[in-house]
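The primary structure of each chain is shown beneath.
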Amino acid sequence: MDINTLHTKASELMADGETDKAAELYNKILELVPNDEAALGALMDLYQETDRLKYYLARANYNIVNGKMEYGINDCKKALNIDASNIEAREKLARLYKVTNKPLKAIDEFSKIIEIDNNHIQSYVELIDLYVKEKALESAVNIAKKADETFKEKANFNDILAKLYLDLGDYK
């Protein structure tokens, strides 16, 4: 199905009161076209009264697509006020902090994600990257060690760890 057909079908489902199915289609549209303002707006409308957490996440996406990063940050914070352990909201907030040049806040958020879900591999990668950019190589090494212990079988953080040791001049 093309995007217009998906929009039409989603609208029909909304009119028929099948909001869950409509939400699925709008989310499918966003997988295909992440900046589809009509789908983002429809999801905001859909969730405004039924699910405040999803509403704020949809509104954050809408603001990000429209270049309003500070509004996106505020929406993520509102979502986290509803559910402080929501990984999607916390990760979106961390990425927003990263792109708005607030690396220390991004580090805090990615660290909180790891506290919530120790197996969130992307947060380890992001933390290492942020620490390297902040020239905090010891902290990057500590996160890489923790990641290596956590993901021995799944991912190879040894290469990253070796490079960090070389960057530090630590040739153990």
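Heads up: these notes are all about the structure in this document. The residue numbering used here restarts from 1 in each chain and proceeds along that chain's sequence as written. Per-residue local features of the predicted model are confined to residues with pLDDT of at least 70, and side-chain atom pairs are confined, for both listing and counting, to 80 or more; whole-chain, interface and lining totals are unaffected and use all residues. Working from all heavy atoms in the structure, the side-chain values ignore hydrogens and water.

## Some thoughts on unusual backbone geometry
Inference 1: Not every positive phi belongs to a glycine, and N101 is a case in point at roughly 60°.
Inference 2: The numbering of helices and of strands both runs from the N terminus, where a helix is a DSSP run of H or I of at least 4 residues and a strand a run of E of at least 2. Here N101 lies in the loop between α6 (87-99) and α7 (103-116).
Inference 3: Phi is positive for K135, close to 60°, though the residue is something other than glycine.
Inference 4: Along the chain, the position of K135 falls in the loop between α8 (121-133) and α9 (137-150).
Inference 5: For every residue, the accessible area obtained with a 1.4 Å probe (protein chains only) is divided by the maximum for its type, and the residue is called buried under 20%, exposed over 50%, and partly exposed between those limits. Among the residues examined, K135 registers a relative accessible area of 73% and is labelled exposed.

## A short note on the packing of aromatic side chains
Inference 1: By convention, a stacked pair of Phe, Tyr or Trp rings (six-membered ring in the case of Trp) has centres within 6.5 Å and planes under 30 degrees apart, an edge-to-face pair has planes over 60 apart, and any other such pair is tilted. Counted according to the given criterion, the structure contains 3 aromatic pairs.
Inference 2: One aromatic cluster is present, formed by Y124, F151 and F157 through successive ring pairs.

## What about the nonpolar core?
Inference 1: Nonpolar core, defined: a set of buried Ala, Val, Leu, Ile, Met, Phe, Trp, Tyr and Cys residues in which side-chain atoms within 4.5 Å join the residues together. In terms of nonpolar packing, the biggest core is built from 52 residues, with Y26 and L43 touching the most fellow members.
Inference 2: Residue contributions to this core peak at 7 residues, all from helix α3 (residues 37-50).
Inference 3: Other than its neighbours up to four places away in sequence, Y26 contacts H7, A10, S11, M14, A39, A42 and L43. What makes two residues a contact is simply this: any of their non-hydrogen atoms within 4.5 Å.

## Observations regarding α6
Inference 1: Expected span of a helix, by definition, is 1.5 Å for each gap between consecutive residues, and there is one gap fewer than residues. Across its 13 residues, α6 extends 18 Å between first and last C-alpha, which sits within 8% of the 18 Å expected from 1.5 Å per residue.
Inference 2: Three or more residues of α6 are buried, namely A89, R90, E91, K92, L93, A94, L96 and Y97.
Inference 3: The first or second residue beyond α6 is N101, which carries a positive phi of 60°.

## Overview of the packing of helix α2 (residues 19-32) against α3
Inference 1: Helix axes use the C-alpha atoms of the stretch in contact, all axes being lines fitted to C-alpha atoms, and the angles between their N-to-C directions lie in the range 0 to 180 degrees. Two elements in contact, α2 and α3, have axes separated by 9 Å at closest approach and are oriented at 150°. Considered as vectors, α2 and α3 are oriented roughly antiparallel to each other. Classified by chirality, the crossing of α3 by α2 is left-handed. Only A39, L40, A42, L43, L46 and Y47 of α3 make contact with α2, whose side of the interface consists of T19, A23, Y26, N27, I29 and L30. Note that the term roughly parallel is reserved for angles under 35 degrees, roughly antiparallel for angles over 145, roughly perpendicular for angles of 65 to 115, and oblique for everything else. In this scheme the handedness of a crossing depends on how the near helix is turned from the far one: anticlockwise by less than a right angle means left-handed, clockwise means right-handed.

## Remarks on the pattern of salt bridges
Inference 1: Each salt bridge in this description consists of a side-chain nitrogen of Lys or Arg and a carboxyl oxygen of Asp or Glu lying within 4 Å of one another. Here the structure, examined in full by the defined rule, presents 12 salt bridges.
Inference 2: Taking the shortest distance from any N to any O, the salt bridge between E109 and R90 comes out at 2.5 Å. With a gap of 19 residues between them, E109 in helix α7 and R90 in helix α6 connect regions that are remote in the sequence.
Inference 3: Classification of E109 as buried rests on a relative accessible area of 7%.
Inference 4: On the accessibility criterion, R90 (8% relative accessible area) is buried.
Inference 5: Salt-bridge contacts for E126 lead to K98; the nearest nitrogen and oxygen are separated by 2.5 Å. Pair noted here: E126 is in helix α8 and K98 is in helix α6, with a separation of 28 residues, a long-range link.
Inference 6: The exposure class assigned to E126 is buried, which follows from its relative accessible area of 7%.

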